[in-house]
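Results of the structural survey
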Amino acid sequence: MATTVTRTRKKRDRDAIPDELIVVDDGFRPSPAGWAARGAVLVFVAVLVLWLGPVVLLGGEEWFALALAAIYAIIGLSLNVLIGYVGTISLGHQAFVGIGAFASAYVVTEMQQPFLIGVGLAALIGAFQAMLLGGLALRVTGLYFALITLSYGLFAQDTLFGIQSLTGGGSGREAPLPTGPDNFAPYYFICLAFLAGVVFIDRRMMATKGGRALLALRENPRVAQTFGIDVRAYTVLGFGVAGLFAGIGGALLAHLNGFVDSTEFSFQLALVFVLMTVVGGLRNRTGIIIGSAFFALLDLLIRKVPGLEHRLADLDTTIPVVLAVAGLAVAIVGGLGRHWIRMGIGLVVGLIGVLILTPVTVPVIENQINEFPILVPETFALVVGPVLLLVTLVMYPGGIGQQIRPIQHWLAGHKFDIHVGGEADVQITDVRA
Amino acid sequence: MAPGDLLAPIKARLGDRFAVVSGALAVLAVVLFLFVIGQREAIVLGLIAGASYGLLGLGLVLVYKSSGVFNFAQGEFGTIAVFALYLATTQGIPYVLSVLIALVVAGLLGLLTERAVIRPLASAPRVTLLVATAGVSLLCIGLEFWIGRPEPRQVAPALARTDRVSVFGIFISDQRLLIFAAIAVIAAALAYFFSRTNLGLAVLAASQEPTATNLVGISVGRISTLVWVMAAVLGGVAGVLTAPLFGFAPAFLTSTALVPAFTAAVIGGFISLPGAFLGGVIVGIAQSVASSLDLFEDVPGPQTASLFVLLVLILLVRPQGLLGGRK
């Protein structure tokens, strides 16, 4: 991509767009009406998040889910620091979050300190444990480090969170909601405020020396070192920031649930975190916030969209139809193109669908289909999430962030260009392996 | 004279193998020590558990050796196969035929994974592929929870007798012996495949230099398909053999055996097939000793903790594993 950076350094810092994404400045400046339109969109989004969405659309009843969405966004941004900026993967992020949760619960219930001190200490402890792990990342990189994080997550889940005196062992620990029992509405705004803080820190970090050092590191640690970047210091710094964010997210999560116990922080939760961050789009804060909120609100979405829950329950008739039609279509196309394997698979899948649809002929399957379980919202998330992840990885490596890049570009005062943020800009080619 | 000088002639003589030999001696010494202090049962139990890890680890090594990918879906290949086995046996299909069906289902899953996920990402970085296989695994788990519901089930073992062989007072069921036999046969077959057959050499060539391999007329795409189907069938074998021991539930292999299997493969060097078995045994013994020693009585989750410590230690001290050779 031929890039000429003509804007001043100051301006670029304010935009905080990584250099590779800066597009040629064509001297275009929006008209006053253009600025007004951009402002109106931003104001609308703010109103939607603060009032229209929670109060009007959801009738002021879903504050818990909304607060959860804000917390997931914080956790997503934390994971983004590791995967997007530092360039290592963490499959043990439930440990990062869980340590924050238990720390805050301990400080608030055992030490009788106020909520904010709990969150602050949780953030510090989260940063500390992440930096310890970061030290390990200096020696062990790539796939092997992914394995270490996975094992670390399980170790935290079974061993660290099982220490009776700190976490209350299997019985867990209370973490009261600071805004009073079941009063989730103000808590949502507290979470939003923390999210804003996290976004601000992230933005400042990426706009300054440290952020650029991290991006250089991610591309190639050796080259970065040649340019005088302290690889060790910045890797540990990146981990520290990720741990800080995760600690805040964990503390907020603990107080939202009112209770922490170790079974919450399972490996599957860590996979969901990875999922929402990658689907959201690495290195795109807005994309990650949308992606994380989407996964947090999936449950709510299914309940609120009219008829969707009902339709999911009907899936035991929809699925065989889909199987039959899709399978036979693949078989025909495969046969025409002489892809015999494809045709065979299509035929098998299609025939299974047809067999399920014709209960009279195959009593064996008929018995099964009557017991075919309906798709409940929780399971729906477990099925749809991975599909979204795979589609993102295979077809749109930039995730949601890639899709919204043209809008962001326009909002930042450029001409609207649907092709901004193409695949080349956002390809996940950066994780050290 | 410093102790280092005393070792110098031995070092010179063994060359590269010095580390391997000293590692093996250290492992042997630890096992002997445990034996002496009365941890015999723990050693036998660890050996038994380690065999299951090693079996799953073989599939991981196969994929890593031939495509450089950490396959997080390996456990789910096995679990899906077990579900297929369960469905088939409950329909009254004979056991042997049911096992065949289960392995075919696993193979198809491997084929599908390769075609839909692995091949489009062939040029992507390895860590992206890791996330993708984790996605496949999660999708399988989701489907299992949906269709299989989160309840434990039982499936019949291939060999039912449990009291034929006993070592230090611990009975080893025939199914366990079958697992040992399966590991030996599979590891030997794979070692033969990679070292003596043209196809095996082609697989290694495709992993080292895909472009050049294509140029000499070997289809890298087909090799990739072959490897993933083989790995999935291996996962299926692991699932079908281990599920009867404890029963099964959705995601049972991923949650109980995947991380130990990875650790086993790392200890073994990740490209060594016997190494996967050796690593599995080491992991199994470490876990069972950690949970039976009085020393660790107050540590919650001793098995996971020992796994984490073992993994960190091996990666810091000898990242190429015991049998991995020089990187």
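Just so you know, the residues in each chain are numbered from 1, in the order the chain's sequence is written. Chain letters and ligand numbers both follow the written order, the letters beginning at A and the numbers at 1. Per-residue local features are limited, in this predicted model, to residues with pLDDT of at least 70; the limit for side-chain atom pairs, both in listing and counting, is 80 or more; totals at the level of whole chains, interfaces and linings are taken over all residues. Side-chain descriptors were evaluated using all non-hydrogen atoms of the structure, hydrogens and water having been removed beforehand.

What follows is about the overall build of chain B. For the purposes of this entry, the term helix denotes a DSSP run of H or I that reaches at least four residues, the term strand denotes a run of E that reaches at least two, and both are numbered from the N terminus. When helices and strands are tallied, chain B shows 14 helices and 2 strands. Once the C-alpha set of chain B is aligned to its principal axes, its extents read approximately 70 × 55 × 35 Å. Evaluated residue by residue, chain B yields a buried proportion of 51% over its 327 residues. Surface accessibility in these figures is a Shrake-Rupley result with a 1.4 Å probe; residues are shielded only by whichever protein chains are displayed. Taken as a whole, chain B presents about 14,300 Å² of accessible surface, with 69% of it coming from carbon and sulfur. Positive and negative side-chain charges in chain B, numbering 18 and 13 respectively, have mean positions lying 12 Å apart. Burial classes follow relative accessibility: with a 1.4 Å probe on protein chains only, a residue under 20% of its type's maximum area counts as buried, one over 50% as exposed, and anything between as partly exposed. His is not counted, nor are the chain ends, whereas Lys and Arg count as positive and Asp and Glu as negative. Charged groups are reduced to one reference atom each: NZ for lysine, CZ for arginine, CG for aspartic acid, CD for glutamic acid.

Two quantities define a packed helix pair, namely the angle between the helix axes and the distance between the axes. Residue and element names in this part refer to chain A. Each axis is a line fitted through C-alpha atoms, taken for helices only over the stretch in contact, and angles between the N-to-C directions span 0 to 180 degrees. Running from amino to carboxyl end, helix α8 (residues 184-207) crosses helix α9 (residues 209-219) at an angle of 70°, the nearest separation of the two axes being 4 Å. Considered as vectors, α8 and α9 are oriented roughly perpendicular to each other. In this structure, α8 uses M205, M206 and A207 to contact α9, whose residues at the interface are G210, G211, R212, L214 and L215. Residue type decides the class: Asp, Glu, Lys and Arg count as charged, Ala, Val, Leu, Ile, Met, Phe, Trp, Tyr, Cys and Pro as nonpolar, and the leftover types, Gly among them, as polar. Residue composition of the contact of α8 with α9, by class: 5 nonpolar, 2 polar and 1 charged. Any angle that falls under 35 degrees is termed roughly parallel, while one over 145 is termed roughly antiparallel, one within 65 to 115 roughly perpendicular, and all others oblique. By definition, residues are in contact when any of their heavy atoms lie within 4.5 Å.

Another point: the nonpolar core. What tends to happen in soluble globular proteins is that the nonpolar side chains get buried as a cluster. Take the buried residues of types Ala, Val, Leu, Ile, Met, Phe, Trp, Tyr and Cys, join any two whose side-chain atoms come within 4.5 Å, and each joined set is a nonpolar core. The biggest cluster of nonpolar side chains holds 195 residues, and the ones touching the most others in it are I148(A), L252(A), F265(A), F70(B), F72(B) and F270(B). If you tally residues by element for this core, the top one is helix α3 (residues 63-86) of chain A, at 19 residues. The next biggest cluster of nonpolar side chains, apart from the first, holds 7 residues, and it includes A42(B), I43(B), I285(B) and L293(B).

Criterion for a salt bridge: a side-chain nitrogen of Lys or Arg within 4 Å of a carboxyl oxygen of Asp or Glu. Summed over the entire model, instances satisfying the criterion amount to 5 salt bridges over all chains. One salt bridge connects D202(A) with R285(A), and the closest N-O pair in it is separated by 2.5 Å. Of this pair, D202(A) sits in helix α8 while R285(A) sits in helix α13 (residues 285-304), and the two are 83 residues apart along the sequence. In terms of burial, D202(A) and R285(A) fall into one category: buried. Note that E219(A) and R218(A) form a salt bridge whose closest N and O atoms lie 2.6 Å from each other. Exposure remark for R218(A): the relative accessible area of 2% places this residue in the buried category. Linked through salt bridges whose partners overlap, the residues forming this network are E114(B), R115(B) and R119(B).

Let's shift gears to a nonpolar patch on the surface. Residue and element names in this part refer to chain A. Together, V43, F44, V45, V47, L48, V49, L50, W51, V55, V56, L57 and F189 make up a nonpolar patch on the protein surface, roughly 1,000 Å² of accessible area in all. You can see V56 is positioned in helix α2 (residues 32-57). The partly exposed category is assigned to V56, whose relative accessible area is 46%. A patch is a set of surface residues, each over 30% in relative accessible area and not in a salt bridge, joined within 9 Å for like charges and within 5 Å for the nonpolar side chains Val, Leu, Ile, Met, Phe, Trp and Tyr.

Looking now at the confidence of the model for chain B. All names here are of chain B. Averaged over all residues, the pLDDT of chain B is 84; the fraction at 70 or higher stands at 93%. Within chain B, the lowest mean pLDDT, 65, falls on helix α1 (residues 3-14), and the highest, 92, falls on helix α5 (residues 95-118). This prediction of the complex comes with two scores: 0.84 for pTM and 0.85 for ipTM. Values of pLDDT, the confidence the predictor places in each residue, fall between 0 and 100.

With that out of the way, let us pick up the interface of chain B and chain A. Listed per partner, the contact involves 47 residues of chain B and 50 residues of chain A. As a working definition, buried area equals the accessible area (1.4 Å probe) given up by two parts on being put together, with both sides summed. Between chain B and chain A lies a buried interface of about 4,400 Å² when both sides are counted; carbon and sulfur atoms form 82% of it. Broken down residue by residue, the surface that chain B buries against chain A is led by L138(B), W146(B) and F308(B), which jointly contribute 18%. Polar contact is defined as a pair of N or O atoms within 3.5 Å, subject to the rule that within protein one atom must be able to donate a hydrogen and the other to accept it, and that residues adjacent in sequence are counted only when both atoms are side-chain atoms. Connecting chain B to chain A are 4 residue pairs in polar contact (both at pLDDT 80 or more). Where the side of chain B that touches chain A is concerned, the elements lending two or more residues are α5, α6 (126-148), α12 (258-268) and α14 (302-317) of chain B. By residue number, the principal contributor to the side of chain B that touches chain A is α6(B), which donates 17 residues.

Okay, the confidence of the model for chain A next. Residue and element names in this part refer to chain A. When the pLDDT values of chain A are averaged, the result is 81; 83% of them are 70 or greater. The secondary-structure element of chain A with the lowest mean pLDDT is helix α1 (residues 9-15), recorded at 45, while helix α11 (residues 231-257) shows the highest, at 94. The model gives residues 1-15 a pLDDT under 50, and that stretch makes 24 contacts with residues more than four places away or in other chains. Low pLDDT (under 50) marks residues 424-433, which in the prediction has 38 contacts with non-local residues, meaning those over four places away or in another chain.

When the terminal C-alpha atoms of helix α7 (residues 174-196) of chain B are compared, their 32 Å separation across 23 residues agrees well with the 33 Å that a helix rising 1.5 Å per residue should span. Considering only its buried residues, α7(B) is in contact with α3 (40-67), β2 (170-172), α8 (198-208), α10 (220-246) and α13 (273-292) of chain B. Expected span of a helix, by definition, is 1.5 Å for each gap between consecutive residues, and there is one gap fewer than residues.

Bringing the packing of aromatic side chains into the picture now. Aromatic rings in a pair are described by how distant their centres are and how their planes are angled relative to each other. Put simply, two rings from Phe, Tyr or Trp (the six-membered ring, in Trp's case) pair if the centres are within 6.5 Å, and we call them stacked under 30 degrees between planes, edge-to-face over 60, tilted for the rest. On inspection of all chains with the given rule, the structure shows 28 aromatic pairs over all chains. Between W63(A) and Y188(A) the ring centres are 5.6 Å apart and the planes differ by 50°, which places this aromatic pair in the tilted class. In this pair, W63(A) sits in helix α3 while Y188(A) sits in helix α8, placing the two residues 125 residues apart along the sequence. Considered together, W63(A) and Y188(A) belong to a single accessibility category, that of buried residues. Ring centres 5.6 Å apart and planes at 70° place the aromatic pair Y86(B) and F248(B) in the edge-to-face group. Note that Y86(B) is positioned in helix α4 (residues 74-90) and F248(B) in the loop between α10 and α11 (252-256), a separation of 162 residues in sequence. Exposure remark for Y86(B): the relative accessible area of 22% places this residue in the partly exposed category. Here, a charge over a ring is recorded when the distance from Lys NZ or Arg CZ to the ring centre is within 6 Å and its angle to the ring normal is within 35 degrees. Here the guanidinium or amino end of R38(A) rests over the ring plane of W35(A), the centre of that ring lying 5.9 Å away. Cation over ring: K65(B) sits above F194(B), and NZ or CZ is 5.2 Å from the ring centre.

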